[in-house]
Amino acid sequence: MAQRAISWLNEWLGLGCFNFNWLQNLRKRGAVKDASVKGVHTVDARTVLLNGHAQPQRYVLNEIRTSKYGLVNFLPVFLFTMFRRVAYLYFLAQAALAYWSVVSPFSPYGPTIALVVILLVAAIKALIEDAGRHREDVKINNGKARILMNNGKTSETKWRHVHVGDIVEVHDNEDFPADLLCLHCQLEDGVCYIKTTNLDGESNLKIKRPVDLGAATPQTPEDVLKLRGELHCEPPNANLHIFVGRLEVVSSMPDTDAGKATVIPVSLNEMLLRGCTLKNSGRVLGLVVYTGPESRIQMNAAAPPRKTGSYDAFLNVQIAIVILFQILLCIGLACGSLGWRNNSGYERSHLQFRVNNQGNYKSNIVYVIVLWITYWILLSYLVPISLFVTMEIVKFLMGLYVNFDRKMKHDATGEFAKARNTDMVEDLGMVEYVFSDKTGTLTSNEMQLRCIALRGSPFGSPDFQLETAEGTPAQRLEQFDERLASAASLMQAEGTAWAKPVVVPSAKGDSDMNGAPLVPAVQNGQFHFKADGAAPYGPGQTNVMGNGNSSGPAGGRGGAEDAQLGQQLLGFWTNICVCHSLISEAHPETGEPIFQGPSPDEVALVEAAKRMGFVFVARARSRLQVNMLGRPATYEILNTLDFTSDRARMSVVVRCPDGTIKLLTKGSDAVMLPLLRRAQDAGALERATQENLRNFSLQGLRTLVLCERILTETEWRDWNMRFQAASAQLVERDSKVSHTALEVERNLDLLGVTAIEDKLQAGVPDAISSLIKAGMKVWVITGDKQETAINIAISCKLIQHPDHLMVCNADSAEEAASLLDELTKRGMKQRDTDSYQGVRRSSRTGMPELACELVIDGKTLSHVLGTPAEAKLAELASGCAAVVVCRASPSQKAAIVRRMKRFRIAQCEGRTVRWIERQRAWLRWPLAPLLFLLKYQARVGVRMLAIGDGANDVAMIQAASIGIGIMGKEGRQATNNSDYAIGQFRFLERLLLVHGTLADYRLSRLIKYSFYKNIAFATTLFLFQFYNGYSGQALVDGITAAFYNAFFTALPVGAFAIFDRPVRLLSTLQNNPQLYHRSESLSIPAFWRTAIALAIVHGAICFFIPYYSVANGDRNSITDLWSVGKTIWVAVIGVVTLEILLVSRYQTKLFLLVTLLSYALVYPYVIILPLIFNGFGTRDPAQDGVGNHIFSSATFWLVLVFVYSLTFGIRFLERSIIWLYRPNDSMILSEMEALDLKEGDGALRRERQIELGHSQMSLRVHEAV
């Protein structure tokens, strides 16, 4: 009742003011936890009553909340989010201490205003982001749904009012409002078609069926209302591939056992998940099982693992060092104050140091502590409060730039790249390793059949493109291979034989599952043909044919050979047309069948079969219709053993048109070949098949092995009972089903091999070449055969020296360790040989380069990972120019990424430790804290990138520092778990070289100059303490100091970070990949040189020149504290502004406007602020009349001119020398860009081009020799 009231109030207010999403999530986690205690698949996990009056327990509402905030909880949740960060707690403590007037050198209003302004900006950003989520939530929750009422009619309601146990009616082109159990389909064959694009990104339609109730299957909505029962199923979880449940149902329909309960196993085949769309099915009725946040799509909507950006880690380290430095400064100043009081203060009676009062405590310890707090507040400006919110804004804008970059738009789908995690946008500019999947990532996932092999004989050509061939199916078959066309012609000529198959005896050696000999009474389920003088040929007999080069009609063979080949051909294409999970639809214009399904391989095979005359026509509930060379046939589907990554195969048990029961299966050669029946000729056939597989792989083709097996009726019935029992299990159903399937998937007869081409995506070779030139190490990790993986690696220019390839294949752990040692020695020995000159060498790994290329397979990895040899593999691979890993499982992909990350971290930590050890002994113990911080930065500073497109790549993507998902044809699992999503691999080049370089450049300068401006100001406050008796007195009031930090200097630095770029044209970054991550602009030396040392120098100039320029003489002389302080304050703002203008490379009009305007507003501020105070009846001596006084003094203006000339002049001279004599890469390219805009500078341009070519130490324009 309370939930309904809250839901009504949210709907009435329109924005969801009471966001109880956290409460629903808490309840959801508790339910899952309770279920996990009992067992994930226990019967008690969830019970849903079918047509019951009330559910046995309360379930969450069908209302989603993706927004973070509501009107009521915004303030507490937002403040909690902000203040759980150490930096904001630091600033909160500073503002709170400012209210202790005894110790604070500032009024409390300044720090408070600064903190409030920063929080306000962050709050506005959070609200803007959350407003879009609110609008989407309201739109979805108010969608229309139809509930089946007790009178058989439907009532329209909103999605948010759908509850567990309701029966929902869904029509074509409507989305399912919740996770439903399908009870009734309108189509006659009892199936429905759904589109799962929103769920997994696949655009092909999928088949779903209602629960099989036998005679009690409802035919109308009224029949559905006559059902009574309970659904027992698993608790809510995120698994999109498995559902375990059991429906106990009682039907009151006529012609059924009234009152008798029927137990039916339920799987994902009967589930209609929220987010999917009904297509071409009329209507369906479904029982609501999961709602709202417990639906599968919402359970999968969780954010990817929290990853910390490199600069966040860098800031943590540097802020810790700065705070440690601040603590030491405060201690030193507090002790100095104590010494000055005891030595000089007591002598000045007017200061009344001998009188004990607040702030002047008799106890030296108390006095030092109080003064330490004073100085802590005074020097709080060492840490820039504006940096953190500015970083968030810049990262957010960089993410938008990625999202709307038209040069990363995939034209085929119209999708832009997506920045799903902008917290680590800077890491795109500092990637060291790229781990890439192959299929669908490097390749286009557009499969096309190129070759086949029938029982050892290859047919077809890799150069022939069947998809573009013209003519009739018979003509296309002849173009594919004349021998197959000859055999097919004979099959068509033997019309009587086609209609009445010849019964042939079983081959010697056939046996059933228990080893008993098979004596089938039929012709083994194949269409066999008998030519004159030809002996019948059955599946148990073998004919390992040659390549068909003999002479004679149609390829030079007699009728017997053609008949035998025809039998093989028919069995081969029957397997392809029957053993699949596709559906057939008629093209709306041509009427031609088009195929849709989850597997691109299956689509390619069935489409190729259709083009050659073997057509999959339609699929009914348990029947499948085909047309083989114009002859229709219908197969009854008895069992389907679905493909899984563990099984690596798919099988169907069918009843053939002649009544024979046959198992048809296809899968990878690694799992299929060991399951073959061992006949007399098995050795020759397997050797020929292995040779075909190897040849196809060398041509870069993907292979599948097709097999079959004949089953007797008794044999099938006995196995089917065990299979149905395993399918009905709620505990460990998958493992039991897989074990039962293996009982029948053995003693198989080989039919043939398919070879499919998966073309490289456009731009892949160029992209990989650019990444390698940028200094990145690119790995390809795939589950394909070794030869296929090598061929693809050569095609995409990853492997450039195949003749010197190092291959690591081992059958044991000892052999693997020995082979790794041998390969490491070989690589070191051949590193400097002439044959390896020109091979790429990485510049950032810190390891000696072996200048070689490595291939390793998954079997060897299983012997290496988790053993001491793991370190040897990492050391060898880190020095290789290219690495290809084949036959790798998803878990091995993730393990490789983690192993290489640990190896690089150990390298970085080792260099830090060795640097500390080289220092003098008396320096080592003070550097111990620094060692800890540097090791922490090394751990988080190693950047590994993984890119993939399928669910099998998710583990690798999550294990990497940066995960990239390809929005391809294998669903959205990789994208949903990634940090960034792109349409094709070639966009990775621009993502890293352009967006990554820009983010690295901008954020590094934002951090440096944010610290620079604050430390310069803090330096003036620090130096003033030596001239005021260490009293903690500030030069300016708190409000003025806060405006310095949060406005006058924050805006120029923010605009600088948003608009600046190292070169004018972004294409220059992509055309010169050597620029990638070469600036080292935020290394520790660069940071301390610019942000610390330069800031101290400029702060000292801004303090000493105005301070010693104080003149006595006329009434406009600047001699008072606040006038001198304001002069110093204006001088620091001007120096910081000029520094920003000087170092900026790309000065847009908006940048200049913001920068110059922020400085120009300083002068009105000094005049207007005291007027505001006076308007409120408050007179502040730090403000009142100060502006008029200093502006009327010539000393003020002369001081500013002198300070600006000195600081800007020195920096201008320094940078001019660098640009002229020591330019870096981006400087040279910037100058070349500028010269391109002018005419008549050809000689100078050629001179600079020569200089660029000679700048090999910093910019490798050509390959290093």
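Reading guide: rules and limits
Residues numbered from 1 in each chain as written. Predicted model: local features only at pLDDT ≥ 70, side-chain atom pairs only at ≥ 80, totals over all residues. Heavy atoms only, no water. UniProt positions renumbered as here; feature names shortened; annotations may be inferred. Helix = DSSP H or I, 4+ residues; strand = E, 2+ residues; numbered from the N terminus. Buried < 20%, exposed > 50% of the residue type's maximum accessible area, 1.4 Å probe, protein only. Areas by Shrake-Rupley, 256 points an atom, 1.4 Å probe, with all protein chains shown as cover. Pairing = 2+ DSSP bridges. Axes fitted to C-alpha atoms, helices over the stretch in contact; angles between N-to-C directions. Phe/Tyr/Trp six-rings, centres within 6.5 Å; stacked < 30°, edge-to-face > 60°. Lys NZ or Arg CZ within 6 Å of the ring centre and 35° of its normal. Core = buried A, V, L, I, M, F, W, Y, C linked by side-chain atoms within 4.5 Å. Contact = heavy atoms within 4.5 Å. Patch = residues over 30% accessible without salt bridge, like charges linked within 9 Å, V, L, I, M, F, W, Y side chains within 5 Å. Salt bridge = Lys/Arg side-chain N within 4 Å of Asp/Glu carboxyl O. Expected span 1.5 Å × (residues − 1). Bend = angle between axes of the 7 residues up to and from the residue. Polar contact = N/O pair within 3.5 Å; in protein donor to acceptor, adjacent residues only side chain to side chain. Parallel < 35°, antiparallel > 145°, perpendicular 65-115°, else oblique. Nonpolar A, V, L, I, M, F, W, Y, C, P; charged D, E, K, R; others polar. Left-handed = near helix turned anticlockwise from the far one by under 90°.

The protein chain carries the name Phospholipid-transporting ATPase in an unreviewed UniProt entry, which gives Apatococcus fuscideae as its organism. Annotation of the protein chain in UniProt includes, under Subcellular location (unreviewed entry), the sentence "Membrane".

(A) Spatial organisation of the overall build of the protein chain. Summing up its helical and strand segments, the protein chain has 43 helices and 33 strands in all. A buried classification covers 56% of the 1265 residues belonging to the protein chain. Surface exposure of the protein chain reaches about 53100 Å², of which carbon and sulfur atoms provide 57%.

(B) Examining the sheet that holds strand β6 (residues 192-195) more closely. Pairing in this open sheet of three strands is antiparallel, and the strands run β7-β6-β12 from one edge to the other. The open sheet is flanked by β7 (205-208) and β12 (277-279), the only strands paired with a single partner. When strand polarity is set aside, the average angle formed by the axes of neighbouring strands in this sheet is 45 degrees. Where β6 meets β7, four bridges bridge the pair, whose relative direction is antiparallel. The partner of I194 across the bridge, within β7, is K206.

(C) Up close: the packing of aromatic side chains. Taken as a whole, this structure holds 48 aromatic pairs when the rule is applied. With a centroid separation of 6.3 Å and an interplanar angle of 75 degrees, the aromatic rings of F243 and Y290 are classed as edge-to-face. Note that F243 is positioned in the loop between β8 (227-233) and β9 (245-251) and Y290 in strand β13 (residues 283-290), a separation of 47 residues in sequence. This pair shows no difference in class: F243 is buried, exactly as Y290 is. Feature note: the residues Y88, Y90, F91, W372, W376 and F388 constitute an aromatic cluster, connected by ring pairs. The aromatic ring of Y367 is capped on one face by R341, whose charged end is 4.2 Å from the ring centroid.

(D) Main features of the nonpolar core. Formed by 169 residues in total, the largest nonpolar core has its most connected members in L798, L988, F1011 and W1129. The element that contributes the greatest number of residues to this core is helix α32 (residues 987-1024), accounting for 22 residues. In this view, F1011 contacts L315, I319, V322, L382, P384, L387, F1087 and A1091; residues no more than four positions away in its chain are not counted. One finds F480, I576, C577 and Y635 within the second-largest nonpolar core, a separate group that totals 50 residues.

(E) Focus on a nonpolar patch on the surface. A cluster of nonpolar side chains, namely Y109, I113, V117 and V121, defines an oily patch on the protein surface of about 320 Å² accessible area. Structurally, the position occupied by Y109 is in helix α5 (residues 109-141).

(F) Molecular detail of the sheet that holds strand β26 (residues 749-760). With respect to topology, nine strands assemble into an open sheet ordered β17-β16-β26-β25-β24-β23-β22-β21-β20, the strand pairing being antiparallel. Edge positions in the sheet fall to β17 (457-460) and β20 (614-619), since each of these pairs with one other strand and no more. In this sheet, adjacent strand axes meet at a mean angle of 35 degrees when their direction is disregarded. Strand direction decides the pairing type here: strand β16 (residues 443-454) and β26, joined by eight bridges, are antiparallel. Residue pairing across strands places A453 opposite V753, the latter belonging to β26. Relative to the sheet, helix α20 (residues 713-727) contacts β22 (631-641), β23 (649-655), β24 (661-667) and β25 (701-711), its axis offset from that of β22 by approximately 45 degrees.

(G) Quick peek at the pairing of strand β4 (residues 167-171). Across the five residues of β4, four count as buried, placing the element largely inside the fold. Sheet topology places strand β2 (residues 144-148) next to β4; two bridges connect them, and they run antiparallel. Within β4, the residue paired with I147 across the bridge is V168. The pairing of β4 with β13 spans five bridges and is classified as antiparallel. Residue V170 lies in a different strand from β13, and its bridge partner there is V284.

(H) Examining α32 more closely. Over its 38 residues, α32 extends 54 Å from the first C-alpha to the last, a length consistent with the 56 Å expected when each residue adds 1.5 Å. Maximal helix bending in α32 amounts to about 30 degrees, located at G996. When you tally the buried positions in α32, you get 38 out of 38 residues, the bulk of the element.

(I) Region of interest: the environment of D821. Residue position: D821 is located in helix α24 (residues 813-830). Residues D821 and L873, spaced 52 residues apart in sequence, show a C-alpha to C-alpha distance of 8.9 Å. A polar side-chain atom of D821 sits 3.1 Å from a polar atom in the side chain of K872.

(J) Seen up close, unusual backbone geometry. Here the phi dihedral of N173 falls at roughly 65 degrees; this positive angle occurs in a residue that is not glycine. By the secondary structure assignment, N173 is in the loop between β4 and β5 (179-185). You will see that A648, though not glycine, has its phi angle at about 55 degrees, which is positive.

(K) Summary view of the packing of helix α12 (residues 473-480) against helix α13 (residues 482-493). Contact geometry of α12 with α13 gives a least axis separation of 5 Å together with a crossing angle of 140 degrees. Looking at the two axes, α12 sits oblique to α13. Here α12 contributes L477, E478 and F480 to the contact with α13, which in turn contributes E482, L484, A485 and A488. Residue composition of the contact of α12 with α13, grouped by class: five nonpolar, no polar and two charged.

(L) Main features of the packing of helix α9 (residues 310-345) against helix α10 (residues 364-378). Look at α9 against α10: their axes get within 8 Å of each other, and the N-to-C directions meet at 130 degrees. By the angle between their axes, α9 is oblique relative to α10. Read as a crossing pair, α9 and α10 show a hand that is right-handed. Judged by residue contacts, I323, Q326, I327, C330, I331, L333, A334, S337, L338, R341 and N342 of α9 engage N364, Y367, V368, L371, W372, Y375 and W376 from α10.

(M) The arrangement of the side chain of R899 in detail. Summarising the element assignment, R899 is placed in helix α27 (residues 890-917). Taking relative accessible area as the criterion, R899 reaches 16% and is therefore assigned buried. Once residues lying within four places of it in the same chain are set aside, the contact partners of R899 are E870, A871 and A874.

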